[in-house]
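The lines below spell out each chain.
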Amino acid sequence: ERADAAAAPLTPGALADGTLIPLLANLGSADQAAEAVALGAEGVGLFRTEFLFLDATEAPSVETQVAEYERMLRAFVGKKVVVRVLDAGADKPLSFLNDEKEENPALGLRGIRALRSSERILRDQLTALAIAEARVNRYGSDSAAGGDAAAARDAKVEVWVMAPMVADLDDTEYFVSLARELGVRVAGVMAEVPSLAVLADQVFDVADFVSIGTNDLTQYTLAADRLLGSVAHLQDPWHPAVLRLVGMIGRAGRDAAKPVGVCGEAAADPLLAVVLVGLGVTTLSMTPAALADVRGELARHTLAEAQELARAAVNATSAAAARQAVTRLAAANA
Ligand code: PEP
Ligand code: MG
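Note that this is a predicted model, so its numbers are computed, not measured.

Visitor: Explain the site of ligand 1 to me, using residue names and the numbers behind them.
Guide: Neighbouring residues of ligand 1: L46, R48, D87, E192, G213, T214, N215, D216, C263 and G264. The set of elements that each furnish at least two residues to the shell around ligand 1 consists of β2 (43–48) and α10 (214–221). No other element matches the three residues that α10 contributes to the shell around ligand 1. Looking at side-chain class alone, the shell around ligand 1 contains two nonpolar, four polar and four charged residues.

Visitor: Tell me about the packing of α10 against helix α11 (residues 240–256), and name the residues and values.
Guide: At a closest axis distance of 9 Å, the pairing of α10 and α11 adopts a crossing angle of 120 degrees. Comparing their axes, α11 and α10 come out oblique. The way α10 lies across α11 gives a crossing that is right-handed. Between α10 and α11, the contacting residues are T214, L217, T218 and T221 on the first element and A241, V242 and L245 on the second. Each residue belonging to the contact of α10 with α11 can be placed in one class, and the counts come to four nonpolar, three polar and no charged.

Visitor: If you had to explain the nonpolar core to someone new, which residues and values would you point to?
Guide: With 106 residues, the main nonpolar core has V161, V275, L276 and L284 as its most contacted residues. Residues within four places of V161 in sequence aside, it is in contact with V83, V85, L126, L129, A179, V184 and A187.

Visitor: I'd like to hear about the UniProt feature "binding site: Mg(2+)" (unreviewed entry) in the protein, residue by residue, with values.
Guide: Those places that UniProt annotates as "binding site: Mg(2+)" (unreviewed entry) correspond, in this numbering, to E192 and D216. These residues run over 25 residues, yet every pair of their C-alpha atoms falls within 5.1 Å of each other. Positionally, E192 belongs in the loop between β5 (186–191) and α8 (194–198). You can call E192 buried: it has 28 C-beta atoms within 10 Å. The contact partners of E192, leaving out residues within four places of it in the chain, are P164, M165, G213, D216, L217 and Y220. Within the secondary structure, D216 sits in helix α10. For D216, a count of 24 C-beta atoms within 10 Å puts it in the buried group.

Visitor: Break down the sheet that holds strand β1 (residues 23–27) for me, with residues and values.
Guide: In space, the eight strands of this closed barrel follow the order β1-β2-β3-β4-β5-β6-β7-β8, with parallel pairing throughout. Geometrically, the sheet is characterised by an average inter-axis angle of 25 degrees between neighbouring strands, direction not taken into account. Pairing analysis gives three bridges linking β1 to strand β8 (residues 283–286), with the strands arranged parallel. Residue pairing across strands places L24 opposite S285, the latter belonging to β8.

Rules used throughout
Residues numbered from 1 in each chain as written. Chains lettered and ligands numbered in written order. Predicted model: local features only at pLDDT ≥ 70, side-chain atom pairs only at ≥ 80, totals over all residues. Near = placed C-beta within 6 Å. Helix = DSSP H or I, 4+ residues; strand = E, 2+ residues; numbered from the N terminus. Nonpolar A, V, L, I, M, F, W, Y, C, P; charged D, E, K, R; others polar. Axes fitted to C-alpha atoms, helices over the stretch in contact; angles between N-to-C directions. Parallel < 35°, antiparallel > 145°, perpendicular 65-115°, else oblique. Left-handed = near helix turned anticlockwise from the far one by under 90°. Contact = placed C-beta atoms within 7 Å. Core = buried A, V, L, I, M, F, W, Y, C linked by C-beta atoms within 7 Å. Buried ≥ 20, exposed ≤ 12 C-beta atoms within 10 Å, placed from the backbone. UniProt positions renumbered as here; feature names shortened; annotations may be inferred. Pairing = 2+ DSSP bridges.

Here it is in structure tokens:
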């Protein structure tokens, strides 16, 4: 079946009724771009930038960052690329940002919190992203067919930025205004902390989009360290508590007419991907290897059917019960 999917023409992600659900790739370096495009990625929903910083004892210069971002953005001309600013701390500690020993690093100075305490690093990163986008698009529009507006648009890459570990409106306003000040046009936040889901209506007044990081959202909703084997059974995004939070964000996004993405591992589980769409998620981003199976599963369900699966999942009493109920109902769809 996998071989068939690979040989078939790569159609855009869509439900059986034609509702488009763009399928995007999670990438950690520019080297993975070609493979993602070959597997049908319609853009990048999560570009993790930590790789640039991992071995560094201090943050890389703006110029070094521009060169790396430019290389990656060139692979996605004509598409959207969502770049996550540096997510340092907890499972991704960096010596130059996380110097204090913390008792509970997952609850400590990580993501946007660490960047707010070292604003220079965030300013440099946003500046580098704005410069890289401008460079790619300047060359792109120069070479586009003379004066053809559609060709000029197709030759451009669209950079969106998002911040990890955002807790509330204060974090959101801080990040979005800094991004705009530094020349990035589209700025959103990740929903990884349950408080953000609860406040999603307020957040959408300010953010251009929300992308749900189900790995951390699950960790924080169930209060179970994602790195700790003894509580791994709680790290399950099928948990109805996690799915209800996703539903809150989905409703707020629909009311605000703004995009809601998922870029955590949950998006790579084909049946769960359908449930997420039923909860109001409008784009899915995943490891490129999962694109074919998710594309195939989405095509088997209409939006009304996805919403029915979502209702069953949020009304289940456990992650296992949600998975079972959805599996049974889904078998009835085409
Ligand atoms: C997530 O938390 O779901 C996510 C996408 O970010 P990461 O796994 O890199 O923390
Ligand atoms: Mg995360």
